[in-house]
Structure formats: C-alpha cells, structure tokens
Amino acid sequence: MVKLPNSLSSKRLLKLLKAEKNTTSALSLFDSAMRHPGYTNSPYVFHHMLRRLADSGLVVHVDRIVEHIETQKCQCTEDVALTVIKAYVKSKMADKALDTFQRMEEIFGCKPGIRSYNSLLNAFIELNQWERAESFFAYFETMGVLPSLYTYNILLKISCKKNQFKKARVLLDSMWNKDIMPDVYSYSTVINGMVKGGDLSGALEVFDEMFTRGVIPDVTCYNIMIDGFLKKGNYANAMDIWQRLMKGSSVCPNVVTYNIMINGLCKCGRFEESLQIWEMMNKNEREKDVYTYSSLIHGLCEAGNIDGAVKVYREMVESGLVVDVVSYNAMLNGFCRAGKIKESFELWVVMGKENCRNVVSYNIFIKGLFDNGKVEEALSVWELLRKKGCGSNSTTHGIVIHGLCKNGRLNKALKILKEAEDGGAELDAFAYSSMVDGLCKQGRIEEATSIVIQMDKDGYKLYPHVCNPLINGLIQASKLQEAICFFREMELKGFSPTIVSYNTIINGLCKAEKFSEAYVFVKEMLKKEWKPDMVTYSLLMDGLCQGKKIDEAINLWHQALDRGFKPDVTMHNILLHGLCLVGKIEEAFQLYSDMKMLNCVPNLVTHNTLMEGLYKVRDCEKALEIWDCILGDGLQPDIISYNVTLKGLCSCGRISDAIGFLNDALTRGILPTAVTWDILVRAAVNFGTS
C-alpha cells in the first residue's frame, strides 16, 4: 500500500485514491488517512470513495463513510447524498435509502432537491414497492416540491407496471395541461407498458397521438410497436408501422429493428418477407449481429429451406462473428429435420471443437437421429452426454424414451426409465406418456397400467398426455369397461380430461354400438361447457352409420350444422358411406352435390364411396360418371378405386369393361392386390369368362 506523506491534504489524498485502481486498497488508504494526524477531509474525497464503493458492489462499507461525514460535519452537496441513496437502492436497501433522504440535512448539511425526491421515488418502483411510491409522491405536495418531467415519467412507469393504462393516459393529458411537455421517453414508457400488457390497440392510439402532439417517435417506439404486433401474429399492423418508419425522414431502422422484423416474420411463417428484409440490410450495408443471423437461420430451417440456411450460416462464419450455440443449434436442427445426417454429424464435430454444445444441442441431435431411424447413433450421443456430465434434463429423458418407443425398442426404453427413476432424475409427462403409448401400441397393457399406477403413488400429476394413451390402449385391447373405470377413477384423483379423452371413450362406445352411453359422455362435455369438436361429431356419426342407424346420424349432422360447424371432407365421407350402406343413393348423391356449395372439396375416398354405393344398386352409368369426375378433378385413382370399379362392373356382367380397367391400372403402374384377383376369379367362375 502507498505510504502517506507527513503533510496530507485532501487534494493530495484524492490524487492518491484516483491512482489506486483496486477499490479495496483504495478503501484501506482512505482508512489510513482518517487516522492521519492533522488531516481534514473534504466532500470531494468522500464523494470519490462513495462512488467507488457503489460501483464495486462494496455497499457494506458505505455506512462507514456516511458516519465519517456526519461525525466530521462535512458540508456536502446533494450529489454526495444522491450517490449514497442510489448505492442503497442498487443493493435493494430501500429503508436505508429512505433514512438517508430523511436525514439528509443532518448528515450532509444540504436539503433534498427534486433529484433526491425523484431518485427515491424511482427506487420504490424498481423494488416493486408501488404503494410506498404513491405515498411518497403524495409527500411531494406537502413539502411544496414541484414535480419535474422526470417525476412524471416515473409516475407513468408506476401506472404501466400496475397495468393501469387508463391512469397513464390521463397522466399524459394532465402533463400537457400543466405545460410539462411529455417527451419521447414518456410516450415510449406508456407504449411499452401497454404492449407488454397486451393492449396493442391502446398502444397504437398513444403512438398515433405522438404525431398529433408533435412528439417525434424515436426508433425504440417503432421497435416496440412492430415487436408487439408480430408477437401477436398481427402481420398487417406490424407492416404498417414498418412502412411508416421507412417513409419517415427523421428516424431510421437500427439493427434491433431488423432483428425484430426478421425474427417476427419467421415466427409468422413469412419467410420470403424475412429474406427481403435480409436483402435490404445487405443493400443498405447494415451491420448484422449474432441475433440477426441466428433468427434467419432458425426461420429458414423451420421453412424447410435448408440450402438458404446453410448460405446464411456460411456468411456468418465468413463475417468473422463468433457463432454462438443458438445459431449452431438452429443449423443442427435444420439438418436433422431435412434428413441430412452426414451434414449434421459434420456440424456436430465443429461444435465439439469450438466447445459450443449445451444440453439443448444434445437434445436436438438425439431427437434428430431417432427421427431418422439412427437408433444406435442416438444412443451413442446419449451416452456421450452422460459421460460429459453436461446435465441431461427432463426433456432429454423424454426424447430418448420417446425415440426408443417410436423405433420399437421398448425394453431399452423401460430400462432407461427405470434407471432415471432410481437415480432421482427429473422426468416429465412426455417421458411417461411415450412409454405408456409405446407399451399400449404393442398390446402390453398391464405394463402400461402399472407405470401409471406407480406414477400416481409417487405423487406425479396424471396429465392427459399420460392417461389418454392408456385409455386408448385399453379400448384397442377390447377392455372398454376397464377404460371407462380408469377414466372415472382418474377424474377422482384430479385428472382433468380433455376433448381427446372424451373422444377416445366416445369412439370406443360407438364401435361397440353403445350409443346411449356415448351420448352420456357428450352430455358431460356440454355440462362442462365444452363444445364437442368435429372429431366428436364424426366419431358419433361413424358409429351410428356402422350400426345402420342412419336417421340418428342425419339428425346429428343437422345438430352440428345448427351449432355452426362446417363439416370437413372426413365428416361428409362418413355420412356418405352411411347413406350408401343402407341404399339411400339419391340422398348420398345430393350430399355429394352439396359439398361444393359448402366449399368442401370431395377427395378420392368420397368418389370411391359413392361409386361403391352406385354399383351396389347396379347404376353402372352413374358410377362411371363418378370415375370421370375423379380424372376430371385431377385426382389419381388408387387400387381401391380400381377394385370398387372391377367389382361393380363384374357384378353387372360387364367383364370385358372390367378387364379394360385392369389393363388401365397396370398401365398406370398400379399393381393388383389379392382382393383384385379374388374379384376377377369370382367373376370368371360365375360368368365363365377368362
């Protein structure tokens, strides 16, 4: 430590303190000076030390400096007191800040001015002490202190943080009435608060008011508005603000604006527009940052434009920017989704060399490998993660277990699930739902049930993602009553069924022709004020049609129409099939004609169903007209189309026509199935034709 001279002035000490770069050493030097005989301190020395301590986070020593000031009755300016108040606020010591404010004259020999009032008022806001802030502002008036523009800006911040947007707008108006002109910061505070609070229409009104009042918005105001609209998916309004920014002469977009546009447009699925913004940045020679590149790489990968993403990635590397893990992850995800496994491995090696892998990287790569059927490779990466000790999370376990189940490796998935449980690893609903779903699909219902029961015992919340696969599995295993019992039991334990849960039960009941019980579940949904969806109606109708209860199916159809549903092609096909099944061909043909009026385009299933119905009533000519419609609508007949036609023509004794259609199928490269040959053999036997 520096040795102090025998004769020490405050000016000399201040110079020594400034020369000492280490704050702790500077504090020791200051303490030595306090004990130095004949030394008299000055407010400049105190202020220097207070600033150093506040900036270094050594607030614990501020009390000591304040005590010296009070003891020595050193006359200080308000700036010194403000430094102390701000130091306490920075350390979330609101009470000490308030005590300093109240004793300012006693400690520092000066009275608090508007800056001190504002500083303390802002402190209460930063510490989320709203009531205290409002009470303190009321204290302003009793002390005869006139609020400044800064004061009002703080009050605007209070109102916005409390989502009191009407109050904020009233406050803006009162500022104009009191000739305290709100500035850009005033307006941006209100606009930002309203956007974060979801009141975008109100934010737009305040934004427009700026122009009326003659306050020119800065680029931050534009950025807030554009970002808010894009996050809400409001492309039109976002582009309107963007165009206003581009046409304006006083403000130009900055890199933040471009980043918001590129990221927001990508999330809205407007990938072409995001590329146009990118090209605009290039044309205007705007500097791009890491966020710009990563946003576009992510967007292009999401759009399936992997070549475009690679081009942007290479430009990023060539620009000299350090590629961050977010950008690497976006590119890795793009390669995996595009099935470019070789390229994904090459990038993985680069990421390893750059020490730029995190748990998200591992999750992306493991999932990508599983999705592309590379099970052993995925397991190798999983083992690498465990060895590296990077800390796999619940998402990782979910991905591994789901990937193994999807690829038929259930026993391995069960082993990893058991190891994770025994090791106290974090597991989420996705891991369990994948395991339960996988077991149910292979008919291993007892094992799936035991997992759910164990989850319940261990205190896991039984989410629909876990319960729904088991309900479906039980139904597929012809254990309908057990599925309903499980559904009811889980309800009692806090399981909140979804529309999918109800639809699964309704489907099972309809297939078992237990329509009255199915309607009980529909009534439950309505009682819970849930609207049955298109799937619910389709399942009920399908069950009724399969049971040849066509009048009830038609009644349900009209109920759906009355509730405002616009039946899709699947729902049309179900009713069409039901009508054909009971021989109501005219009604079926009418439904087919009505589809176009409802803007519902018939698909190949529609045409196949109607042809089959017409052939059943031996109306070959109309059935052949439907064939012409298939070709006329640009649809490609499949083997089902040909089998329906062959069977229909053969049943009408038109064997030579049937042979002609068989030759047409072969010409189109459509191979006959066992059903095809069975139709032709039966026709040959019945009609004696070869």
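Here the structure is shown first, and the text comes after it.
Residues numbered from 1 in each chain as written. Predicted model: local features only at pLDDT ≥ 70, side-chain atom pairs only at ≥ 80, totals over all residues. Heavy atoms only, no water.

Remarks on the packing of aromatic side chains
Throughout the structure, instances matching the rule amount to 17 aromatic pairs. Clustering of aromatic rings is evident, with ring pairs tying together Phe 345, Trp 348, Tyr 362 and Phe 365. A cation over a ring is seen here: Arg 357 above Trp 348, with NZ or CZ 4.0 Å from the ring centre. (Phe/Tyr/Trp six-rings, centres within 6.5 Å; stacked < 30°, edge-to-face > 60°. Lys NZ or Arg CZ within 6 Å of the ring centre and 35° of its normal.)

Brief notes about the nonpolar core
Counting residues in hydrophobic clusters, the biggest one holds 230 residues, and the most contacted among them are Ile 69, Phe 108, Met 331 and Ile 506. Take this core: its biggest share by element is 8 residues, from helix α14 (residues 219-231). Ignoring any residue separated from it by four or fewer positions in sequence, one finds Ile 506 in contact with Ala 518, Phe 521, Val 522, Met 525, Thr 536, Leu 539 and Leu 540. (Core = buried A, V, L, I, M, F, W, Y, C linked by side-chain atoms within 4.5 Å. Buried < 20%, exposed > 50% of the residue type's maximum accessible area, 1.4 Å probe, protein only. Helix = DSSP H or I, 4+ residues; strand = E, 2+ residues; numbered from the N terminus. Contact = heavy atoms within 4.5 Å.)

Focus on unusual backbone geometry
The phi dihedral of Asp 179 falls on the positive side, at around 60°, and the residue is not glycine. The residue Glu 513 is not glycine, and still its phi comes out positive at about 60°. Position of Glu 513 among the secondary structure elements: in the loop between α30 (499-511) and α31 (515-527).

Re the side chain of Asn 118
Considering the arrangement of structural elements, one finds Asn 118 in helix α8 (residues 114-126). Note on Asn 118: relative accessible area 3%, which makes it buried. Leave out the neighbours within four places in its chain, and Asn 118 touches Phe 140, Ser 148, Tyr 150, Thr 151 and Ile 154.

Points about the packing of helix α1 (residues 10-19) against helix α2 (residues 23-34)
The contact between α1 and α2 brings their axes to 9 Å, and the two run at 160°. In this view, α1 runs roughly antiparallel relative to α2, as classed from their interaxial angle. In this structure, α1 meets α2 at a crossing whose hand is right-handed. Across the interface between the two elements, Leu 13, Leu 16 and Leu 17 from α1 touch Ala 26, Leu 29, Phe 30 and Ala 33 from α2. Class assignment of the residues belonging to the contact of α1 with α2 gives a composition of 7 nonpolar, no polar and no charged. (Axes fitted to C-alpha atoms, helices over the stretch in contact; angles between N-to-C directions. Parallel < 35°, antiparallel > 145°, perpendicular 65-115°, else oblique. Left-handed = near helix turned anticlockwise from the far one by under 90°. Nonpolar A, V, L, I, M, F, W, Y, C, P; charged D, E, K, R; others polar.)

Remarks on the environment of Trp 677
In this structure, Trp 677 sits in helix α40 (residues 674-687). Sequence separation between Trp 677 and Leu 321 is 356 residues, and the spatial gap between their C-alpha atoms is 66 Å.

Topic: the packing of helix α18 (residues 290-302) against helix α19 (residues 306-318)
For the pair α18 and α19, the least separation of the axes is 8 Å and the interaxial angle reads 165°. With respect to α19, the element α18 is oriented roughly antiparallel. Of the two elements, α18 crosses α19, and the hand of that crossing is left-handed. Residues Val 290, Tyr 293, Leu 296, Ile 297, Leu 300 and Cys 301 of α18 pack against Ile 306, Gly 308, Ala 309, Val 312, Tyr 313, Glu 315 and Met 316 of α19. The residue inventory of the contact of α18 with α19, partitioned by class, reads 11 nonpolar, 1 polar and 1 charged.

Structural notes on the environment of Met 280
With respect to the helices and strands, the residue Met 280 is situated in helix α17 (residues 271-283). Those residues in contact with Met 280, other than ones at most four positions away along the chain, are Trp 242, Met 246 and Tyr 258.

Let's talk about the environment of Leu 321
Residue position: Leu 321 is located in the loop between α19 and α20 (325-337). Overall, Leu 321 belongs to the partly exposed group, its relative accessible area being 28%. For the pair Leu 321 and Asp 422, spaced 101 residues apart in the sequence, the C-alpha separation amounts to 44 Å. When near neighbours in sequence (up to four residues on either side) are disregarded, Leu 321 contacts Lys 288, Asp 289, Val 290, Tyr 293 and Met 316.

Quick notes on helix α35 (residues 585-597)
With 13 residues, α35 should reach 18 Å at 1.5 Å per residue; the first-to-last C-alpha distance of 19 Å fits that figure. Residues of α35 that are buried: Ile 585, Ala 588, Leu 591, Tyr 592 and Met 595. The buried side chains of α35 occupy one side of the element, clustering within an arc of 115° when seen end-on. With respect to the buried face of α35, the exposed residues turned more than 90 degrees away are Glu 586 and Met 597. Where α35 is buried, its residues meet α33 (550-562), α34 (569-581), α36 (604-616) and α37 (620-632). Following α35 by one or two positions, Asn 599 adopts a phi angle in the positive range, close to 55°. (Expected span 1.5 Å × (residues − 1). Arc of directions from axis to C-beta.)

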